[in-house]
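Examination of the molecular architecture
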Amino acid sequence: MREGDSIPSIFNPRRPRTPSVVVTTEDGEAAPVPSTPVTNGPFTSIQKHPRQQDSTEQAPSEPDTSALQPIKHSSIWSKCKKLSDSCISLAARKVYCGIFITVVVTCCWVGTTHSLKLLYRHRSAANSSSPPQPLFYNLTTLSSIQNSTSLKSGEAVSLRTMHYDAPFCTAWFLTNWNILFLPFYLIFRMPGSRCSNPSKIIAEAIRPFREKGFTFARFFVRLMFVTGLWLSTFYCLVLSMRTLYATDSIALFATTVSFAYLLYWVILHEQFVGIRIVAVILCDTGIALLAYMDGITDSPTLGGVVLAVTAATSFAVFKVMFRKLVGPNATKGQIALCHSALGLMNAMLLWPVALGLFLSGSESVPWPDLPWITLLAASVLLLATNLINNFGIAYTYEIFITMGLITAVPLSGAVDILLYHATFAGMKLSGMILIAIGFFLVFFPDNWPDYITRLLRNVILLSHSARWSRRHRNGALTGQRRDIVDYRTGYIRSHLRSPSGRVR
């Protein structure tokens, strides 16, 4: 070893290590050491250039933050991407669309019912500066009040006769707007369809009925029955608003979901769910409370409640029969075709009934002072509601569409309080609450006990884990320490054995 040379070891990697085996020649002289080490063992290393070695040695001492920064940004970006994907997923978009549809259906129901209610609204001619006051009287009641001599001269109030009192004509006019179902369907279908010919789209909608064996006579008879159910529904609903507020009519009409479930179970043989029978009982109890909210004897609201419940029952029967007509897997074209045929049949076959009621004096339709704005507003809003109820299922879940009927009750109640100074308390408020509870119970899933069991199990597991963590935290605060595990020797601290493993 020459002077100045250090001992080659693992602590001095810059110096090449001499091989442990010295190769000698025949003369006994040592052979020259090759420039590259012999790669015949596991501990041989390749000698590098000093500059390369310096760069490799200095790399660990200075951490490279530029390499860690993209990783951090990439992890944050991946989390944001996952969050955005979950927010714009198909299920999330259906929920967002469902909330929007619920708001729209709620506003449409409130607008429709209050527009129909405005047809029975009158002004007092004695005090024109006072705000309009609602009078829920028909022609006979108003004439008896005007001809009565019991009023004093100072208390006499001149009342205008009822200008518009035609519930059947109103229902007939509202039903005629169903003719626009098929034109709206063609407008939205033709841009995205390969065939731009409307006749081909209509033929495509008629084909499923032919495959089921429907003849024209059979289809006509069933459609006539469905048309009668639809017309009777809105005739009873309009007629009930003579004595009821719009909020009461909407709340009673919301019981149609419970009646529809009973008919689905009996006629269409759907699965029996016990909680939905409880919902039917709650809805019936709410109807009874609303029927007797003004007392048992001489109750002016009893007839209105009966008419509103009849409208709900008729609409439930309509839904079942319409489903039997188009089938459980009906296409949008079939639904649009049936509704347009319903409106056309109503306009062509039932106009003599409306004309006969007008000529006989049973209904009053003053053509010069006809409230066209109110009537057209009710017709357009009802058409929008029916379009959403039938075609909205393609964009959201059915529960959001039906939910608009029950959410219209509190909004309509606020409008009644502002316009008519209505009060909701006592039996009326209790009946509406029971109907709302029954409405929500109808939408319980078929396997709702499994969901409740799973929820209780998760709650029990969470409470158990929280109690265990609390016990461990309290133990750590009082000075108790967990057993220390030595991972080098596998020793676990114990009071029974010594570190060497012998029993004490």
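Going along each chain's sequence as written, the residues are numbered from 1 onward. Where totals are concerned, whole chains, interfaces and linings use all residues; where local detail is concerned, this predicted model gives features only for residues with pLDDT of at least 70, and gives and counts side-chain atom pairs only at 80 or more. Hydrogen atoms and water are omitted, and side-chain values are computed over all heavy atoms in the structure.

**Concerning the overall build of the chain**
Secondary structure counts use DSSP, requiring at least four H or I residues in a row for a helix and at least two E residues in a row for a strand, with both numbered from the N terminus. Counting its regular elements, the chain contains 18 helices and two strands. As displayed, the chain has an accessible area near 31800 Å², and 64% of this comes from carbon and sulfur atoms. Every accessible area reported is derived by Shrake-Rupley at a probe size of 1.4 Å, with residue values counting cover from the shown protein chains alone.

**Some remarks on the environment of Met293**
Here Met293 is to be found in the loop between helix H11 (274-291) and helix H12 (302-326). With 133 residues separating them along the chain, Met293 and Gly426 place their C-alpha atoms 7.8 Å apart. Every residue in contact with Met293, bar those within four places of it in the chain, is listed here: Leu244, Asp248, Thr301, Met427 and Lys428. We call two residues contacting when some pair of their heavy atoms lies within 4.5 Å.

**Focus on the packing of aromatic side chains**
Classification of ring pairs rests on two measures: the distance between centres of Phe, Tyr or Trp rings, Trp counted by its six-membered ring, which must be within 6.5 Å, and the angle between planes, read as stacked under 30 degrees, edge-to-face over 60 and tilted in between. Enumeration over the complete set of coordinates arrives at 19 aromatic pairs. Seen from their ring centres, Trp230 and Phe318 are 5.0 Å apart, and the 65 degrees between their planes marks the pair as edge-to-face. With Trp230 in helix H8 (residues 216-240) and Phe318 in helix H12, the pair connects residues that are 88 residues apart, well separated along the chain. Accessibility here uses a 1.4 Å probe with only protein chains present; expressed as a share of the type maximum, an area under 20% marks a residue as buried, one over 50% as exposed, and anything in between as partly exposed. Owing to a relative accessible area of 5%, Phe318 belongs among the buried residues under this scheme. Put simply, the rings of Trp109, Trp230, Phe234, Phe253, Phe315, Phe318 and Phe322 pair up and form one aromatic cluster. Over the ring of Tyr397 we find Lys94, and its NZ or CZ is 5.3 Å from the ring centre. A cation over an aromatic ring shows up here: Arg218 above the ring of Phe214, its NZ or CZ 4.6 Å from the ring centre. Either the NZ atom of lysine or the CZ atom of arginine qualifies as a charge over a ring when it sits within 6 Å of the ring centre and within 35 degrees of the ring normal.

**Concerning the confidence of the model for the chain**
Confidence per residue, as judged by the predictor, is encoded in pLDDT with a range of 0 to 100. Here the chain averages 74 in pLDDT, and 64% of its residues register 70 or above. When pLDDT is averaged over each helix and strand of the chain, the minimum, 38, is found for helix H4 (residues 139-147) and the maximum, 93, for helix H9 (residues 246-253). Contacts of residues 122-162 to residues separated by more than four positions or lying in other chains number 43 contacts, the stretch itself having pLDDT below 50.

**Things to note about H12**
Each helix should span, by expectation, one fewer than its residue count multiplied by 1.5 Å. With 25 residues, H12 should cover 36 Å at 1.5 Å per step; its first-to-last C-alpha distance of 36 Å lies within 8% of that length. Just downstream of H12 lies Gly327, where phi reads positive at about 95 degrees.

**Examining the side chain of Ser314**
With respect to the helices, strands and loops of the structure, Ser314 is situated in helix H12. Of the residues examined, Ser314 reaches a relative accessible area of 10% and is grouped as buried.

**Structural notes on unusual backbone geometry**
A positive phi angle, close to 55 degrees, is found at His421, a residue other than glycine. Relative to the helices and strands, His421 is located in the loop between helix H16 (398-420) and helix H17 (427-442). Taking relative accessible area as the criterion, His421 reaches 57% and is therefore assigned exposed.

**Notes on the nonpolar core**
The nonpolar side chains of a soluble globular protein tend to be buried with one another. Leu252, Phe253 and Phe318 are the most contacted members of the largest nonpolar core, which has 97 residues in total. The dominant element in this core, judged by the number of residues it contributes, is H12, at twelve residues. If sequence neighbours within four positions are ignored, Leu252 has contacts with Leu244, Ile287, Leu290, Val305, Ala308, Val309, Ala312 and Ile435. What makes a nonpolar core is a set of buried Ala, Val, Leu, Ile, Met, Phe, Trp, Tyr and Cys residues whose side-chain atoms join them at distances within 4.5 Å.

**Here's the deal with the pattern of salt bridges**
One side-chain nitrogen of Lys or Arg within 4 Å of one carboxyl oxygen of Asp or Glu is enough to make a salt bridge. The final tally for this structure, using the stated rule, is three salt bridges. The salt bridge partner of Arg189 is Glu204, with a shortest N-O separation of 3.3 Å. Within this pair, whereas Arg189 is found in helix H6 (residues 181-189), its partner Glu204 is found in helix H7 (residues 198-211), the two being separated by 15 residues in sequence. According to the relative accessible area criterion, Arg189 is partly exposed, its value standing at 23%. Taking the relative accessible area as the measure of exposure, Glu204 reaches 34% and is therefore partly exposed. In this structure, Asp248 and Lys428 form a salt bridge, with 3.7 Å as the shortest nitrogen-oxygen distance. With Asp248 in helix H9 and Lys428 in helix H17, this residue pair connects regions lying 180 residues apart in the sequence.

**Re the packing of H8 against H12**
The angle between two axes is taken between their N-to-C directions and runs from 0 to 180 degrees, where each axis is a line fitted to C-alpha atoms and a helix contributes only its stretch in contact. Close contact between H8 and H12 brings their axes to 8 Å; oriented N to C, the two are set at 155 degrees. By the angle between their directions, the pair H8 and H12 is classed as roughly antiparallel. Two packed elements cross with a definite hand, and for H8 against H12 that hand is left-handed. Residue type decides the class: Asp, Glu, Lys and Arg count as charged, Ala, Val, Leu, Ile, Met, Phe, Trp, Tyr, Cys and Pro as nonpolar, and the leftover types, Gly among them, as polar. When the residues that make up the contact of H8 with H12 are grouped by side-chain class, the tally is 18 nonpolar, six polar and two charged. Here the angle decides the label: under 35 degrees means roughly parallel, over 145 means roughly antiparallel, 65 to 115 means roughly perpendicular, and every other value means oblique. For a crossing to be left-handed, the near helix must be turned anticlockwise from the far one by less than a right angle; the clockwise case is right-handed.

**Some thoughts on the environment of Phe440**
For Phe440, the location among the structural elements is in helix H17. Overall, the relative accessible area of 41% leaves Phe440 in the partly exposed class. In the structure, Phe440 is positioned 34 residues away from Ile406 in sequence and 8.9 Å away in space, judged by C-alpha atoms. If we skip the residues at most four places from it in the chain, Phe440 touches Met403 and Ile406.

**What about a positive patch on the surface?**
Each patch is assembled from residues with relative accessible area greater than 30% and no salt bridge, linking like charges that lie within 9 Å and nonpolar side chains (Val, Leu, Ile, Met, Phe, Trp, Tyr) that lie within 5 Å. Counting rule for charge: Lys and Arg are taken as positive, Asp and Glu as negative, and neither His nor the chain ends is counted. Charge placement uses NZ in Lys and CZ in Arg. For Asp and Glu, CG and CD serve respectively. On the surface, a cluster of positive charge is made up of Lys212, Arg218, Arg222 and Lys324. On the secondary structure map, Lys324 appears in helix H12. Judged by relative accessible area, Lys324 falls into the partly exposed class, the value being 43%.

**Regarding H9**
For H9, a buried count of eight out of eight residues is recorded, marking the element as mostly surrounded by other parts of the structure. If you check which residues of H9 are buried, you get Ala246, Thr247, Asp248, Ser249, Ile250, Ala251, Leu252 and Phe253.

**Points about the side chain of Thr301**
Tracing the backbone shows Thr301 in the loop between H11 and H12. Residue classification places Thr301 among the buried positions, given a relative accessible area of 6%. In this structure, Thr301 is in contact with Thr243, Leu244, Leu290, Ala291, Met293 and Asp294, ignoring residues within four places of it in sequence.

**Describing a nonpolar patch on the surface**
There is a patch of nonpolar side chains on the surface, built from Phe216, Phe220, Val221, Leu344, Met348 and Leu349 and spanning about 640 Å² of accessible area. Those elements giving two or more residues to the nonpolar patch turn out to be H8 and helix H13 (332-349).

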